[in-house]
Each structure stands twice: as C-alpha cells, then as structure tokens.
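Structural description and commentary
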Amino acid sequence: MPRFQVDDSVRRLLDDVRSRMPVLLHGIGLSIGSADELDEAYVDQLCAWAEWLDCPWVSEHLAYCSTSVDGQPVNVGLTLPVPLEQATVDLVGARVRALRERLARPFLLENNVYYFATPGEQMTEPEVLDALVRQWGASVLLDLHNLHTNVVNGVMEAEAYLDALDLGAVREIHIAGGMTVDGFYVDAHSGAPPEEVWQLLEQVVDRCPRLGGVTFELLGSWFDQVGPAGLVEVVERARSLFPAVSRT
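The sections below set out a description of the structure shown in this document. (Residues numbered from 1 in each chain as written. Predicted model: local features only at pLDDT ≥ 70, side-chain atom pairs only at ≥ 80, totals over all residues. Heavy atoms only, no water.)

As a further point, take the packing of aromatic side chains. By the definition in use, this model includes 3 aromatic pairs. Pairing Phe4 with Trp49 gives two aromatic rings, centres 6.1 Å apart and planes at 85°, and the pair type is edge-to-face. Of this pair, Phe4 sits in the segment before helix 1 (8-18) while Trp49 is found in helix 2 (residues 40-53), placing the two residues 45 residues apart along the sequence. You can call Phe4 partly exposed: its relative accessible area is 24%. Taking the relative accessible area as the measure of exposure, Trp49 reaches 24% and is therefore partly exposed. Relative to Phe184, the ring of Tyr115 has its centre 6.2 Å away and its plane inclined at 80°; by these criteria the two rings are edge-to-face. On the criterion of sequence distance, the pair formed by Tyr115 in the loop between strand 5 (107-110) and helix 4 (125-136) and Phe184 in strand 9 (residues 184-186) is long-range, its members being 69 residues apart. Tyr115 gets classed as partly exposed once you look at its relative accessible area, which sits at 28%. Pairwise contacts between aromatic rings join Phe4, Tyr42 and Trp49 into one cluster. (Phe/Tyr/Trp six-rings, centres within 6.5 Å; stacked < 30°, edge-to-face > 60°. Helix = DSSP H or I, 4+ residues; strand = E, 2+ residues; numbered from the N terminus. Buried < 20%, exposed > 50% of the residue type's maximum accessible area, 1.4 Å probe, protein only.)

Looking now at the nonpolar core. Counting residues in each nonpolar core, the largest one holds 61 residues, and the members touching the most others are Leu109, Leu142, Ile173 and Ile175. Examining the composition of this core, we find that 7 residues originate from one element, helix 2, more than from any other. With residues up to four places along the chain from it excluded, the contact list for Ile175 reads Pro193, Val197, Trp198, Leu201, Val214, Thr215, Phe216, Glu217, Val234 and Ala238. (Core = buried A, V, L, I, M, F, W, Y, C linked by side-chain atoms within 4.5 Å. Contact = heavy atoms within 4.5 Å.)

The next subject is a nonpolar patch on the surface. A cluster of nonpolar residues, Val69, Val74, Val76 and Leu78, forms a patch on the protein surface that exposes about 290 Å² of accessible area. Residue class for Leu78 comes out partly exposed when judged on its relative accessible area of 46%. (Patch = residues over 30% accessible without salt bridge, like charges linked within 9 Å, V, L, I, M, F, W, Y side chains within 5 Å. Areas by Shrake-Rupley, 256 points an atom, 1.4 Å probe, with all protein chains shown as cover. Salt bridge = Lys/Arg side-chain N within 4 Å of Asp/Glu carboxyl O.)

This part is about empty space enclosed by the protein. Enumeration over the complete set of coordinates arrives at 1 cavity of 30 Å³ or more. Along its surface, the largest cavity is lined by Ile28, Ser31, Glu60, His61, Ala63, Tyr64, Cys65 and Thr79. At the level of secondary structure, the elements contributing two or more residues to the lining of the largest cavity comprise strand 2 (58-61) and strand 3 (63-69). Across the lining of the largest cavity, the residue classes tally to 4 nonpolar, 3 polar and 1 charged. (1 Å grid on protein atoms, 1.4 Å probe; cavity = no way out; pocket = protein on both sides within 12 Å on 5 of 7 lines; lining within 4 Å. Points joined across faces, edges and corners; volume = space filled by probe spheres on them. Nonpolar A, V, L, I, M, F, W, Y, C, P; charged D, E, K, R; others polar.)

Once that is clear, we can look at helix 4. With 12 residues, helix 4 should cover 16 Å at 1.5 Å per step; its first-to-last C-alpha distance of 16 Å lies within 8% of that length. When you tally the buried positions in helix 4, you get 9 out of 12 residues, the bulk of the element. (Expected span 1.5 Å × (residues − 1).)

So, about the environment of Glu60. Examined against the element boundaries, Glu60 turns out to sit in strand 2. If near-sequence neighbours (up to four positions away) are discounted, Glu60 is found in contact with His26, Gly27, Ile28, Gly29, Leu30, Tyr42, Phe107, Leu108, Leu109 and Glu110. At 3.1 Å, the side chain of Glu60 forms a polar contact with the backbone nitrogen of Ile28. (Polar contact = N/O pair within 3.5 Å; in protein donor to acceptor, adjacent residues only side chain to side chain.)

Spatially, the 6 strands line up as an open sheet ordered 1-2-5-6-7-10, and their pairing is parallel. Edge positions in the open sheet fall to strand 1 (25-26) and strand 10 (213-216), since each of these has one partner strand only. Taken strand by strand, helix 7 (residues 195-204) contacts strand 6 (139-143), strand 7 (170-175) and strand 10, and its axis lies near 160° from that of strand 7. (Pairing = 2+ DSSP bridges. Axes fitted to C-alpha atoms, helices over the stretch in contact; angles between N-to-C directions.)

What follows concerns the state of the cysteines. Across all of its chains, the model carries 0 disulfides by this definition. As a non-bridged cysteine, Cys55 has Cys47 as the owner of its nearest cysteine sulfur, 11 Å distant. (Disulfide = S-S within 2.5 Å.)

Quick look at the layout of surface pockets now. Put simply, the largest pocket is a space of about 1200 Å³. What lines the largest pocket is a set of 30 residues, and nearest its centre among them are Pro22, Leu24, Val214, Thr215 and Phe216. Here the lining of the largest pocket takes 6 residues from helix 8 (residues 223-241), the largest share from any one element. Here the residues of the lining of the largest pocket are counted per class, giving 19 nonpolar, 8 polar and 3 charged. Computed from the structure, the second largest pocket encloses a volume of approximately 540 Å³. In this structure, the second largest pocket is lined by 24 residues; those nearest its centre are His61, Gly77, Leu78, Thr79 and Asp187. Taken together, the residues of the lining of the second largest pocket sort by class into 11 nonpolar, 9 polar and 4 charged.

Printed below as a string of structure tokens:
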C-alpha cells in the first residue's frame, strides 16, 4: 500500500475548491527542527501536493515531532519546541533554503506553543525567526492562538513578543480556540477564538504589510459545537478586521 494516499472524494473536493480560491498547504509532520535527517519521502509528497494544489505558499511549524530512540524512529505526535540557539538557526535555515528551492514558492515557519519556559535559552523565538528570515529567506506564519497560549501559561508577554518579531515577514495569521487541561491552557483548535486572540488580531493586522490571509483553525471533531453559523461568524469577523482576506 502506498504510504501517501488522497481519498478520491477528497481529491475531487480539493480540485473544486482550488478552481475557485487559493488553497494553503500547512503541515505538521515535516519535523524541520529534528536532529535526524529530513524524511525525503515526506518532502517529495509535500512538493507534489503544493504543485497539484498550486499553493501560493507552504507552511510548517518551527518545531520537531520525530526523533530516534535506540536507532528506531519515534514520532511523538505533537510539535515540540526547538532549542532557541544559533545551532537551530543553522540547521533549520539550510532546510528552509532547500525547501524554498524545491517548492518554488515561499516557505513559512509558524511560532510554536510553549507550556513552560526552558532555562538557559540563548535566543528568543522572535530572534530565531528573524534570523531565519534574514539569513535563509524564510517567511513567518504568526499563530496568535499559540501566542495567547504561551501568555496564559506564563511563558511570555504578547506585546513584547510582537514588538520583537519582524512583522514585515508575516504572510499568514492563524486564529483558533483552546481549553484548559490539567492546569495548562492548550492549543486544542476546539472552538471559536477567545476575545484575547481577537484583540491580538486587531492590534497586529495593520502592522503586517505582506499579510496575505487569516486562517481559522478548527478540528473537525469540534465542528458540531461551533456549527455552521458559528463558523461563518468567525470568518466574517476576521474579514471585517482584514478586508483583504476576501481578495486573496
């Protein structure tokens, strides 16, 4: 059985959608920050999908999700934060450059979720992202719910983060909802964005001159709770804050 497959009904749906509007390819499995080699078969499929869907850009998380234990590959099932240091810039940057060349389109890195601060970090996440932009040609996907999650969990301050980040490199913004689990606020994509996320969007949208779209992330398992009317409400509110969304 082929490793990567697209269900025929999904293929027809995506072909129909891309005939009417841009489709953005956002991955969670590339593990661009892993110390192990990149999964070349995954990269090949990513490039094939980007070409098929004619995506204006492709994005991934500044994170890793795969490693090896006793020589065996392990996928942890979530995006783990990378060390914030120059070695990460060098490792990820070279991969960003190679991916940009193979994809023949912009490649965006998304700010990650942190549930606690790591002592002894040499850089901040905005400094790492800015270095990847300046030195290696990356662009940025600013996930405002990730930032909100980090604020709620006491890891960082939103204003300081946004002031430090090169907002001129932001091409896409994500908004979402979350929940509290075992004392942590988690990025669960489980509902409408909280008011704090909307406030962040209001503050930042006019400060991102290259912004091409705002994406509402919602897991399918939570769609019934939000409902069609709730989904439309979120989309319309985002459009009211960023009218250019309707033209991209």
